[in-house]
Structure formats: structure tokens, C-alpha cells
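An overview of the molecular structure
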Amino acid sequence: MLGSQAVHRSFYALLLCAGTALAGPQPITDLPLIAEGENRWTLPAGEYVGNFRIDQPLHLRCEPGAVLTAAGRGNALSISASDVVIENCSVRDWGHSLTAMDSGIFIERGANDVTVRNNRLRGVGFGIWADRSENVNILDNLIEGDSRVRSQDRGNGIHLFIVKGAVVAGNHVRETRDGIYIETSNGNRIENNLIEDLRYGVHYMFSNDNHVTGNTTRRTRTGYALMQSRKLTVTGNRSEHDRNYGFLMNYITYSTLKDNFVTDVQAGDTGGDSMIQGGEGKALFIYNSLFNTLEGNHFEHSNLGIHLTAGSEDNRISGNAFISNEQQVKYVAVRTQEWSVDGRGNYWSDYLGWDRNEDGLGDIAYEPNDNVDRLLWMYPQVRLLMNSPSIEVLRWVQRAFPVIKSPGVQDSHPLMKLPTEELMNTTQGPQS
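These numbers come from a predicted model, not from an experiment.

1. Quick notes on the overall build of the chain
The helix and strand tally for the chain stands at four helices and 41 strands. Every one of the 432 residues in the chain was classed for burial, and the buried ones make up 54%. Sequence-distant contacts, at least 24 apart, represent 52% of the contacts inside the chain between residues at least 6 apart. Accessible area for the chain stands at about 18600 Å²; split by element, carbon and sulfur atoms hold 52% of it.

Here it is in C-alpha cells:
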């Protein structure tokens, strides 16, 4: 009996495919749904081919083995109604056109209070697109792109456009273009997502008052690309083995980066992407960003710990740890910046000062980019002389005759002990 039902469903799917080849999207209610209660429906196992639309409030749950596939054309599932829940469905092979915004699940303008939970999506175009909606919940989905396609030609895993009040949490996104892309969207929460093997993990553009908490990026070409936004709260995230940049801040203002952990960022191939320039394996790159607070972050084992440039001033930087980066700081500007707040600076693994009064603070300032460091930037081969008497003489001359010092970073109260040991164990983020 069960075998005959499966054959019937497959035959039904083939008929549906033939009928929709030239037609527009089909109502989801055309499928053999099973009523489970008021406005609650179950989709039985089987492959259903076509472009489907939900235009009324309902709760749809898919049985194991139920697959929606668009046969490489358009959106697999479009939602135009509010108060919709989609869960436990497999969605595959939707369209490839990024211009047409082909998506596995497309939440249309004005479709509010939609929940997309625990679904599995695999395709080249956009995974889940929310367009001008409010209070959307995108939870615990697995979204996979196609690594055989250039990353620039893939869609983003989750794309929010002019969205307010969304919660994007617990998703696993891999091999798409960007993992989670947020554009002109305010008041949203991005939490506890795992993002791997793609271009930008979390990508913000022109979005304000957002929270980014507890996410993990791995092997991306930039972990967190924060651009042209303000009042972002970015806390407890991890960047592991990303290339080029762990965190990139471009024109970010009045934002907080706190208790984030970045490790092993190395210079890497940009994949021919012109948007990623000058990637030197920077744990944190701050470009044209002002009035931000950075505290309690941990940057380790990267080519470059932190790079500030293009007028990135008036930021509060304290309580962070810089551990065994090949170069701790690169700073390009015209005036010295003080990196301590209220008498408390940062921890530097290469600090060689002392603490005679045992107050936990170094007695001499840490200056990570003095004239000697600048000499190393210009002539990397000089690193062979790092521990030579000539380099020590140069550093002594700088201290004895400060008039020859160039503007740079100064931490007047460096920490003698690592302040973020707990962070390494407590902000592990989601697991694959």
C-alpha cells in the first residue's frame, strides 16, 4: 500500500511539472496536503516539481522525504501571505538568475510574521530571501550552495532587504556567495549561526541597530564584513581560519565590538573578487570608522592583528588581547592614538616592559608601530635583524629623543595578564 502511494505521488509530481512548465506559480494547496488541524497541513513524502506559492496564512510541515524542486527555474517556494510557518522541508534546484533574485524560499513584500524553520535547501541562487518584511524568523535551516560555481555567481544563503525585526538564528550556511547579507535592514538579530567556505560570512550594508551575537565563521574570504552602518552590537562571535579579514569595518560608527574571538587569519586568494582588496590576513581592519567601542576581543595567530587607516579615530580600544600575530598593529594617520580607557589598556604578547608596583599594568607604554616598525613595513628583509644590537639602538634613540617619533598607536597602560582566557572557552559558537 505504501509503495503504491509513493508511485502515485511521483506520478502526480511528473504531471504537475508538465502542467507548470508554461504556467505561473501554483498554489501550495494544489499539492496533496494532509490536514492536521486548523490551518495546519502536512506534505507527504515525494518529489514535487514546480514553482509553488503560499498566499494564505498556514502552517506547513513536510514529512521526511518531501522535496520541493523548481527544476532550475524561478523560486521553488514564494510566500505572499503573513502568519506562515514552513518547517522540515527539503528545497532543491531553484533558478540560477541572480538578477531575477531566484530563491529557494522567497518571502515577498508585506509578508510579515513568517517563520522558516529546520528546512534543508540546496541550490545555486539565493537560499532564503526576505523582501521588505517584518518580524521574520529564519531558524535552524541548512543552506548549501554549489562549490562548482564561482562564488560571485552564487546567491547569498540568507538575504534580508529592507527587513525589520527579523531573527536569523541557528542556521548552517555553506558554499554560497555570502552567508548572511543584510541590506537597509534595521532592528534585526543574527545569532548562533555557523557559516563556512564562502566569501563574506556576515555582510552588513546600510543597516542600523542590529545585533550580531554568537556566530562562527570558518574558512571564508572575510568573516564579518561590516559596512556603512551604525549602532551595531557585535558580541561573542568567532572567526576561525578565515582568509584576508576576520572582521572588516568600513564606515562603521557608534558601534560596539565586544568579546569576539579571531584566530588564524591569513592572506589568501580573493577568488577574483574585486570587492576584496589588500587582504593581508588581518584579524581586524578598521577603515574610515569612528566613535566605536572595542573591548574584550581576542586576536591571535594572524598575519596582522589590527590595521587602522583612512581617518579611523576617536574609537575606544581597551581590554583586548593581541596574541602572537606576525605584526600586531598597522596604523596610518597623522596623529597619535591612545589605546587605553580609564587607565586600562590591552594585552600584548610581545610587550617587554615590567610591572614594579604589581598593579597589573605595565610601567612603560606599549608603542607597536614606532619608526622601527615602519622600517619593517617598508623593508621586510630587515626582520632578519630584529634581535640585533642595531635595532635595539634605534629603539633606544626613539625613547631618548621623542621628537623624531612619528604619529602612531600608544597604549599607556598595557595589561600584564591575558584578560580573555575565559573568552576562548565560553564563546565557542555553534558546532558543525
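Text resumes after the structure shown.
2. Notes on the state of the cysteines
The full count for this structure, using the stated rule, is one disulfide. Between Cys62 and Cys89 runs a disulfide, and the two sulfur atoms are separated by 2.0 Å. As the torsion about the S-S bond is roughly 80°, the Cys62-Cys89 disulfide counts as right-handed. Here the residue Cys62 occupies a position in strand 6 (residues 58–62), and Cys89 occupies one in the loop between strand 9 (84–87) and strand 10 (90–92), the gap between them amounting to 27 residues. In terms of burial, Cys62 and Cys89 fall into one category: buried.

3. Side note on the packing of aromatic side chains
Tallied over the full model, the rule gives 12 aromatic pairs. Ring centres of Phe322 and Trp339 lie 6.5 Å apart, and the angle between their planes is 20°; this geometry places the pair in the stacked category. Within this pair, whereas Phe322 is found in strand 37 (residues 321–323), its partner Trp339 is found in the loop between strand 39 (337–338) and strand 40 (347–348), the two being separated by 17 residues in sequence. Exposure remark for Phe322: the relative accessible area of 0% places this residue in the buried category. When its relative accessible area of 0% is taken as the criterion, Trp339 is described as buried. An angle of 20° between the planes, with centres 4.4 Å apart, marks the rings of Trp348 and Tyr366 as stacked. One end of the pair, Trp348, is in strand 40; the other, Tyr366, is in the loop between strand 40 and helix 2 (371–378), with 18 residues separating them in the sequence. In terms of burial, Trp348 and Tyr366 fall into one category: buried. Lying across the ring of Tyr200, Arg199 places its NZ or CZ 4.4 Å from the centre.

4. Some points on the side chain of Ser289
One can find Ser289 in the loop between strand 32 (282–287) and strand 33 (293–295). Within the local environment of Ser289, its side chain forms a polar contact with the backbone nitrogen of Tyr251, the two atoms lying 3.2 Å apart. There is a polar contact of 2.9 Å between the side chain of Ser289 and the backbone nitrogen of Ile252. Leave out the neighbours within four places in its chain, and Ser289 touches Met249, Asn250, Tyr251, Ile252, Gly311, Ser312, Glu313 and Asn315.

5. Examining the environment of Gly214
By the element assignment, Gly214 lies in the loop between strand 24 (211–213) and strand 25 (216–218). Given the relative accessible area of 10%, Gly214 is considered buried. The spatial distance from the C-alpha of Gly214 to the C-alpha of Asn192 is 4.6 Å, given a sequence separation of 22 residues.

6. Describing the environment of Leu198
Take Leu198: it is sitting in the loop between strand 22 (194–196) and strand 23 (200–205). Linking Leu198 and Asn156, residues 42 residues apart in sequence, is a C-alpha distance of 9.5 Å. What Leu198 contacts, discounting residues up to four positions off in sequence, is Val173, Arg174, Glu175, Thr176, Arg177, Asp178, Gly179, Arg219, Thr220 and Arg221.

7. Overview of the nonpolar core
In this structure, Ile107 and Leu160 are the most contacted members of the largest nonpolar core, which totals 73 residues. Once residues within four sequence positions are removed from consideration, Leu160 is found in contact with Ala130, Ile138, Ala166, Val168, Tyr181, Ile182, Glu183, Ser185 and Ile190. Met205, Ala225, Tyr245 and Leu248 belong to the second largest nonpolar core, which has eight residues in total.

Criteria and thresholds
Residues numbered from 1 in each chain as written. Predicted model: local features only at pLDDT ≥ 70, side-chain atom pairs only at ≥ 80, totals over all residues. Heavy atoms only, no water. Helix = DSSP H or I, 4+ residues; strand = E, 2+ residues; numbered from the N terminus. Buried < 20%, exposed > 50% of the residue type's maximum accessible area, 1.4 Å probe, protein only. Contact = heavy atoms within 4.5 Å. Areas by Shrake-Rupley, 256 points an atom, 1.4 Å probe, with all protein chains shown as cover. Disulfide = S-S within 2.5 Å. Phe/Tyr/Trp six-rings, centres within 6.5 Å; stacked < 30°, edge-to-face > 60°. Lys NZ or Arg CZ within 6 Å of the ring centre and 35° of its normal. Polar contact = N/O pair within 3.5 Å; in protein donor to acceptor, adjacent residues only side chain to side chain. Core = buried A, V, L, I, M, F, W, Y, C linked by side-chain atoms within 4.5 Å.

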